[in-house]
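What follows is the residue order along each chain.
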Amino acid sequence: MDIAKKFSLEGKVALVTGAAYGIGFAIAEALAGAGAKIVFNCRSQKNLDQALKDYAAKGIDAHGYIADVTDEAQVAGLVEKIEADLGGVDILVNNAGIIKRIPMLEMSAEEFRQVVDIDLTGPFICAKAVIPGMIKKGHGKIINICSMMSELGRETVSAYAAAKGGLKMLTRNICSEYGEANIQCNGIGPGYIATPQTEPLRQRQPDGSRHPFDQFIIAKTPAGRWGTAEDLMGPAVFLASEASDFVNGHILYVDGGILAYIGKQP
Ligand code: NAP
Ligand code: GCO
């Protein structure tokens, strides 16, 4: 058996949502490296133009579109365009997401809904838009970007934890409903990854010392460091490829060991 071939994405079309930068960009770069054609969306023309330049600089001929994952009509239009231009989506990575760090008693219901809308309803809308095409093709891979907060809580992230916990269960449900159609739906649960989303948690203090949260994360991670978006590349290629065809409804935590660890003893 040619095992390397099992990891190849040659001839596949991958839609990575919110992949103008951050984790989505790195995952798209990895899928392109394995042979996939890359399509991404984001919400602003400015980010789209910059991302197209960044992909081109890496030698990747990415197709970028403006579409908000919470808007069913925009997502349906995006999937129609991909079907017309490239022949339909084989791999969907539900990456687009936001966080609001606000103590629960200070958070409005509207703010809570915004997070759930993007982080949970968005993946539902995108999956719903691509599954019929995947059924016709006879195969499909859906990767939902979950979180430590799919398993753990912490102060200030109630909406995000509720959404990412829900995304874990949406993953298992898509697996349950469409496994028979040869669609595998799995999640990646990144640990604490250095991206723009977590930048406020790593900002240096006025005296130049590390942010207390930055120190807390390093102590809580057996690997002793923050993750990088590159740490997610191998797991994404695995879950997008034939190598994982009997892996379904699984959340692969890529966290340097956080979930296995009780924390440093005093
Ligand atoms: P990021 O740097 O803030 O990037 C988020 C991306 O999502 C941006 O490209 C953003 O683009 C896009 N986006 C947000 N709302 C969108 C919408 N409604 N429609 C379309 N695109 C939208 O975040 P990241 O750290 O790379 O995180 C990516 C994913 O990984 C998120 O789901 C996040 O929750 C998850 N995650 C991150 C970490 C971490 O430590 N960084 C850990 C675990 C999980 P525009 O705003 O330009 O549209
Ligand atoms: C936070 C963080 C997170 C991470 C990530 C962990 O404020 O605690 O932003 O929630 O981004 O999702 O896996």
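## Let's talk about the site of ligand 1
Okay, step 1: Around ligand 1, a shell composed of 28 residues is seen, among which Arg43, Asn47, Asn95, Tyr160 and Thr195 lie nearest.
Okay, step 2: Contacts to ligand 1 include Asn95, whose backbone N or O atom sits 2.7 Å from an oxygen atom.
Okay, step 3: A distance of 2.6 Å is found between an oxygen atom of ligand 1 and a side-chain nitrogen or oxygen belonging to Tyr160.
Okay, step 4: Starting from 880 Å² of accessible surface for ligand 1 in isolation, the protein chains cover 95%.
Okay, step 5: Elements supplying a minimum of two residues to the shell around ligand 1: helix H2 (22-33) and helix H6 (158-178).
Okay, step 6: Here the shell around ligand 1 is built from residues that sort into 15 nonpolar, 10 polar and three charged.

## Re the site of ligand 2
Okay, step 1: Close to ligand 2 lie 14 residues; Arg101, Arg154, Tyr160, Tyr192 and Gln197 are nearest.
Okay, step 2: For ligand 2, an oxygen atom lies 2.6 Å from a polar atom in the side chain of Arg154.
Okay, step 3: In this structure, Gln197 approaches ligand 2 through a side-chain N or O atom, which is 2.6 Å from an oxygen atom.
Okay, step 4: When isolated, ligand 2 has an accessible area of 340 Å², and the protein chains bury 96% of it.
Okay, step 5: Residues of the shell around ligand 2, tallied by class, amount to eight nonpolar, four polar and two charged.

Rules and cut-offs
Numbers given to residues run from 1 along each chain, matching the order in which its sequence is written. Labels follow written order: the first chain is A, the first ligand is 1, and so on. At least 70 in pLDDT is required for a residue's local features to be given in this predicted model, at least 80 for side-chain atom pairs to be given and counted, and no such filter applies to totals for whole chains, interfaces and linings, which use all residues. Excluding hydrogens and water, the side-chain figures rest on all heavy atoms present in the structure. Near, as used in this document, describes a residue that has one of its heavy atoms within 4 Å of the molecule or strand being considered. The term polar contact refers here to a pair of N or O atoms within 3.5 Å; inside protein, the definition further demands a hydrogen-donor-capable atom paired with an acceptor-capable atom, and it admits residues adjacent in sequence only when both atoms are side-chain atoms. With residues, only the protein chains shown are counted as cover, and all accessible areas are computed by Shrake-Rupley using a 1.4 Å probe. Think of it this way: any DSSP run of H or I at least four residues long counts as a helix, any run of E at least two long counts as a strand, and we number them from the N terminus. Polar here means any residue other than Ala, Val, Leu, Ile, Met, Phe, Trp, Tyr, Cys and Pro, which are nonpolar, and Asp, Glu, Lys and Arg, which are charged; Gly is therefore polar.

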